[in-house]
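Examination of the molecular architecture
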Amino acid sequence: MTPAFEVPVRLLVDGQPGGEPWVIDEVQPGRSESATLYATLPSAGYHRITVALESDLVPFDDQRTVVMQVVDHVRVLLVDGEPGSEPRESETFFLRHALAPVPEEARAAYPVKPVVISASQLAGENLADYHAVVLANVADLPLAIADRLTKYVDEGGGLIVFPGENVRTEFYNTMLHAKHRLLPAVLVSHQPADATAARFLEPTETNPLGLDSEMLASASFRQSYRLELPPAQSSAHRLALRYDDGTPALVESEFGLGKVFLFTSTARSEEHTSELQSQAYLVCRLLLEKKNKTRHGHNNA
């Protein structure tokens, strides 16, 4: 068998050409290659997305089709465990602005809709109305809410956890990890700012989030939670980011139809350097985008 050269790849939306084609320079026999294609989908709802090669002598494997549900906006529920005495002291202040980095008057038209509530207000929320739920330094949850949160993720929701000094580790470890198997790791101990030297983020070898190593290295952490990870062969967890001393910084796992992302640091900007402020929330936005593509599809395919 000989390699194929200049292989065109087309994208079809509901059977019609969409976006610009991609050309793969060379495909070796028995090897796979990737292509990145973009198309604006015409409306919210379900659409057929087809990736196609030129027909050859074996036409049955020349195209693949998936069905995507496109949404007009993404709603994110931010549960604030430390509101602070003024807005900028809130646990979710910078996170909310990072998810919707536009002036107040432009937020109604912005596709990401962060909603901030306190932990006590969580009982009144319909979790199914949100694409992702963020627990930011939330001490604990009522048992009934923990059950609802587990069901929400199992059915396709996304959960992002930022621990902090308010977190009751016995609740997270006993209820969310041991009982519900929702969290991918055990929160062992909190390392305060004066207990450790500055550490820097770095991606793992596979770099599943595709983050820039130099940008990560510009942000330092002085406090975090230490995690106890289960054996790799007994868990679906994946280490997405680590500190330069080798300890986990961000762990990702699948749960039912949903995903869980467990950070080891707080979301508050004062806990780390200003460079991290943009980087940590870029991570959160990437996680949210990834979760949205998995659950609902996306406006770009």
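Scope of this entry: the structure provided in the associated data block. (Residues numbered from 1 in each chain as written. Predicted model: local features only at pLDDT ≥ 70, side-chain atom pairs only at ≥ 80, totals over all residues. Heavy atoms only, no water.)

**Considerations on the packing of aromatic side chains**
Under the definition given, this model contains three aromatic pairs. Ring centres of phenylalanine 162 and phenylalanine 263 lie 4.3 Å apart, and the angle between their planes is 20 degrees; on these two criteria the pair is classed as stacked. One end of the pair, phenylalanine 162, is in strand β9 (residues 158–162); the other, phenylalanine 263, is in strand β16 (residues 258–263), and 101 residues separate them in sequence. The exposure class assigned to phenylalanine 162 is buried, which follows from its relative accessible area of 2%. Taking 5.4 Å as the distance between ring centres and 85 degrees as the angle between the ring planes, the aromatic pair formed by phenylalanine 171 and tyrosine 172 counts as edge-to-face. (Phe/Tyr/Trp six-rings, centres within 6.5 Å; stacked < 30°, edge-to-face > 60°. Helix = DSSP H or I, 4+ residues; strand = E, 2+ residues; numbered from the N terminus. Buried < 20%, exposed > 50% of the residue type's maximum accessible area, 1.4 Å probe, protein only.)

**Looking at the side chain of threonine 50**
Looking at the element boundaries, threonine 50 is found in strand β4 (residues 45–53). Taking the relative accessible area as the measure of exposure, threonine 50 reaches 6% and is therefore buried. At 2.8 Å, the side chain of threonine 50 forms a polar contact with the side chain of threonine 65. Leave out the neighbours within four places in its chain, and threonine 50 touches Arg10, Leu11, Leu12, Gln63, Arg64 and Thr65. (Polar contact = N/O pair within 3.5 Å; in protein donor to acceptor, adjacent residues only side chain to side chain. Contact = heavy atoms within 4.5 Å.)

**Describing the side chain of histidine 180**
Among the structural elements, histidine 180 can be located in the loop between α3 (169–179) and β10 (186–191). Since its relative accessible area comes to 15%, histidine 180 is described here as buried. Side chain to side chain, histidine 180 and aspartate 147 meet in a polar contact 2.9 Å long. Other than its neighbours up to four places away in sequence, histidine 180 contacts Ala146, Asp147, Thr150, Met175 and Phe255.

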